[in-house]
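Observations on the model geometry
Below are the chains, spelled out letter by letter.
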Amino acid sequence: MPSIVYLVIPCYNEEEVLPETARRLTEQLSSMQAQGLAAPESRMLFVDDGSRDATWALIESLSRENPFVRGLKLAHNRGHQNALLAGLMEARLHADCAISLDADLQDDVSVLPQFLEKFREGCDVVYGVRNRRDTDTAFKRVTAQGFYKFMHMLGVDVVYNHADYRLMSRRALDALSEYREVNLFLRGIVPLIGYRSDYVYYDRHERFAGESKYPLKKMISFALDGITSFSVRPLRLISRLGIFVSMASILGLLYALISHFMGQTVAGWTAIICSIWLLGGIQLLCVGVVGGYVGKIYSEVKARPRYRIEEKAGFPLDSAAPSSGQQEEKRV
Ligand code: UDP
Ligand code: MG
């Protein structure tokens, strides 16, 4: 029995790539149907992440012309991860599995059938992993590698060279819906689900039109989110640093007392000023890191909805009511 597949595609200001993306994915879906891998009810679900260009108008018109196309419009730009989550949570209601991919088709769509084959073999999560990184700039390559190494050092289980090109079964999506965090880092959460998983290897192309929607600033804040949402090791390091500094200061105190009783306390101004500044600096740094975590606790405790769907397109009338990111069905 072919399974119902939803391709979930977050889009932010992607008017330049959308028509071509829809065309290529339609080809892929039709051929997967012909191969008996995807059921006729399979769809591509475009999630408009509060774009400021004609993205939503395009999705609406595509959904009228192309029976494969469905759309969700988020009321605000909530970022790639939240847009993706919105799409996945919608797909969960209709599909046996969902595959997430970017609107610019940098991830090779010709490997989509391989994802479905692994799903058929019983995998709940299939990670798309990049073979090489030669389409990236040297800077992106080095920083990305450093990031993965650092995450591993901090004890966070992320799949090397895997972005958000992945298949998830409905069961895995149900599990994902139980993670209520507001600071989303899906690459860190999905391995925590723990169902059977496998990899599909692919080559990443250049963006065929438009510009990257992930400038350096967003990339850095995403990486920091990944670290601070998943690892408490920096907190432990602070405690260790605290112990070390306290011991060092006891030694310093002993030294000062001995010097005092030996009558050598004339100078010392430099040493005092230096230590005041050093300790002040370390304390500020520590307070800053702790503050980062306190900020996270703050936003988690508020548990605000992570997205709000404003409109839907291409759905049968009965399921067209807008909904929000807060899961109602769990409340009894
Ligand atoms: N994206 C999004 N919201 C944002 C930024 C990006 O939905 O705030 C989408 C974007 O439309 C694309 C995907 O996330 O489908 C990946 O973005 P992009 O290709 O620009 O990132 P890059 O490949 O350069 O890392
Ligand atoms: Mg891209």
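What comes next concerns the included structure. (Residues numbered from 1 in each chain as written. Chains lettered and ligands numbered in written order. Predicted model: local features only at pLDDT ≥ 70, side-chain atom pairs only at ≥ 80, totals over all residues. Heavy atoms only, no water.)

1. Considering the overall build of the protein chain
Stated formally: To qualify as a helix, a DSSP run of H or I must reach at least 4 residues; to qualify as a strand, a run of E must reach at least 2; elements of each kind are numbered from the N terminus. We take the radius of gyration over the C-alpha atoms and set the globule estimate at 2.2 Å times the residue count to the 0.38 power. Any pair of residues with heavy atoms lying within 4.5 Å of one another is described as a contacting pair. Method for areas: the Shrake-Rupley scheme with a 1.4 Å probe, in which residue coverage is limited to the protein chains shown. Positive: Lys, Arg. Negative: Asp, Glu. His and the chain ends are not part of the count. The location of each charge is read from NZ of Lys, CZ of Arg, CG of Asp or CD of Glu.
The helix and strand tally for the protein chain stands at 10 helices and eight strands. Over its C-alpha trace the protein chain gives a radius of gyration of 25 Å, far above what one expects of a compact globule, namely 20 Å for 332 residues. In terms of principal-axis extent, the alpha carbons of the protein chain reach across some 95 × 45 × 40 Å. For the protein chain, restricting intrachain contacts to residue pairs at least 6 apart in sequence, the fraction spanning at least 24 positions comes to 82%. By element, 61% of the accessible surface of the protein chain is carried by carbon and sulfur atoms, the whole surface being about 17,600 Å². Where the 39 positive side-chain charges of the protein chain centre and where its 38 negative ones centre are 7 Å apart.

2. Comments concerning the coordination of the magnesium ion (ligand 2)
A metal bound by six donors in octahedral fashion has ideal angles of 90 or 180 degrees, whereas one bound by four tetrahedral donors has an ideal angle of 109.5 degrees. What counts here: Donor selection uses N, O and S atoms within 2.8 Å of the metal (3.2 Å for Na, K and Ca). Since no water is included, sites may look incomplete. The classification of residues rests on relative accessible area computed with a 1.4 Å probe and restricted to protein chains. Under 20% of the type maximum is buried, over 50% is exposed, and intermediate values are partly exposed.
Looking at the magnesium ion (ligand 2), the protein donor atoms are D104 (OD) and Q106 (OE1), and they sit 1.9 Å from it. Q106 carries the same exposure label as D104, and that label is buried.

3. A few points about the sheet that holds strand 7 (residues 197–202)
The criterion, for reference: A pair of strands is labelled paired if DSSP reports no fewer than 2 bridges between them. Between N-to-C directions, angles span 0 to 180 degrees; the directions come from axes that are lines fitted to C-alpha atoms, helices contributing only their stretch in contact.
Overall, mixed pairing links the eight strands, which are arranged 7-5-6-4-1-2-3-8 in an open sheet. Only two strands of the sheet have a single neighbouring strand rather than two, namely strand 7 and strand 8 (309–313). Shown here is a sheet whose adjacent strand axes are inclined to one another by a mean of 20 degrees, direction ignored. Strand contacts of helix 1 (residues 18–34): strand 1 (5–11) and strand 2 (43–48), with the helix running at about 155 degrees to strand 2, the strand carrying the most contacts. Docked against the sheet, helix 3 (residues 80–91) engages strand 1, strand 2, strand 3 (69–74), strand 4 (97–100), strand 6 (162–169) and strand 8, running at close to 155 degrees with respect to strand 1.

4. Brief notes about the pattern of salt bridges
Close approach of charged atoms allows side chains of opposite charge to pair. Inclusion rule: For salt bridges, the criterion is a side-chain nitrogen of Lys or Arg within 4 Å of an Asp or Glu carboxyl oxygen.
Going through the model one piece at a time under the given rule, you end up with 15 salt bridges. Taking the shortest distance from any N to any O, the salt bridge between E27 and R23 comes out at 2.8 Å. With a gap of four residues between them, E27 and R23 both fall in helix 1, about one helical turn apart. For D225, the salt bridge is made with K296, and the minimal N-O distance between the two is 3.3 Å. A residue pair is termed long-range when its members are at least 10 positions apart, and D225 in helix 8 (residues 216–230) and K296 in helix 10 (residues 269–302) qualify at 71 residues. Judged by its relative accessible area of 23%, D225 falls in the partly exposed class. By sharing partners, the salt bridges in this structure join E14, D104, R207 and K213 into a single network.

5. So, helix 1
Since the α-helix advances by 3.6 residues per turn, residues separated by three or four positions end up pointing in the same direction. The criterion, for reference: Under the convention used throughout, the expected extent of a helix is 1.5 Å for every residue step, that is, one less than its residue count.
With 17 residues, helix 1 should cover 24 Å at 1.5 Å per step; its first-to-last C-alpha distance of 24 Å lies within 8% of that length. For helix 1, every residue scored as buried is listed here: L18, T21, A22, L25, T26, Q28, L29 and M32. Packed against the buried residues of helix 1 are strand 1, strand 2, helix 2 (55–65) and helix 4 (112–120). Residue G36 follows helix 1 closely and has a positive phi angle near 75 degrees.

6. Digging into the side chain of D104
Spelled out, the test is: Throughout this description, a polar contact denotes any pair of N or O atoms lying within 3.5 Å of each other; where both atoms belong to protein, one of them has to be capable of donating a hydrogen while the other can accept it, and for residues adjacent in sequence the pair is counted only when both atoms sit in side chains.
By the secondary structure assignment, D104 is in the loop between strand 4 and helix 4. Judged by relative accessible area, which is 4%, D104 ranks as buried. A distance of 3.1 Å separates polar atoms of two side chains, one belonging to D104 and the other to R207. With residues up to four places along the chain from it excluded, the contact list for D104 reads V17, R207 and F208.

7. A closer look at helix 2
The condition is simple: The directions from the helix axis to the C-beta atoms are what the arc is built from.
Buried within helix 2 we find T55, W56, I59, L62 and S63. Taken around the axis of helix 2, the buried residues stretch over an arc of 125 degrees, which confines them to a single face. Seen from the open side of helix 2, the exposed residues pointing more than 90 degrees away from its buried face are R64 and E65. Where helix 2 is buried, its residues contact strand 1, helix 1, strand 2, strand 3 and strand 8.

8. So, unusual backbone geometry
Positive phi, normally seen in glycine, also occurs at L105, with a value near 50 degrees. Its location among the elements puts L105 in the loop between strand 4 and helix 4. Look at L105 and you get buried, because its relative accessible area is 4%. If you check the backbone angles, N161 has positive phi at about 60 degrees while not being a glycine. As for its position among the elements, N161 is in the loop between helix 5 (138–153) and strand 6.

9. Structural notes on the packing of aromatic side chains
We count it as follows: A pair of aromatic rings is counted whenever rings of Phe, Tyr or Trp (Trp by its six-membered ring) have centres within 6.5 Å, and the orientation is called stacked for planes under 30 degrees apart, edge-to-face for over 60 and tilted otherwise. Our definition puts a charge over a ring when NZ of Lys or CZ of Arg is within 6 Å of the ring centre and also within 35 degrees of the ring normal.
Counting across every chain of the model gives 10 aromatic pairs. Considering the side-chain rings of F185 and F222, the 5.0 Å spacing of their centres and the 55 degrees angle between planes classify their relative orientation as tilted. Separated by 37 residues along the polypeptide, F185 in the loop between helix 6 (170–176) and helix 7 (186–193) and F222 in helix 8 bring together distant segments of the chain. Judged on exposure class, the residue F185 and its partner F222 are both buried. Of the aromatic side chains, those joined through ring pairs into one cluster are F147, Y148, Y160, F185, Y214, F222 and F230. Just above the ring of Y195 sits the side chain of R171; from NZ or CZ to the centre is 3.8 Å. The residue whose ring lies beneath K312 is F315, and the NZ or CZ to ring-centre distance is 5.1 Å.

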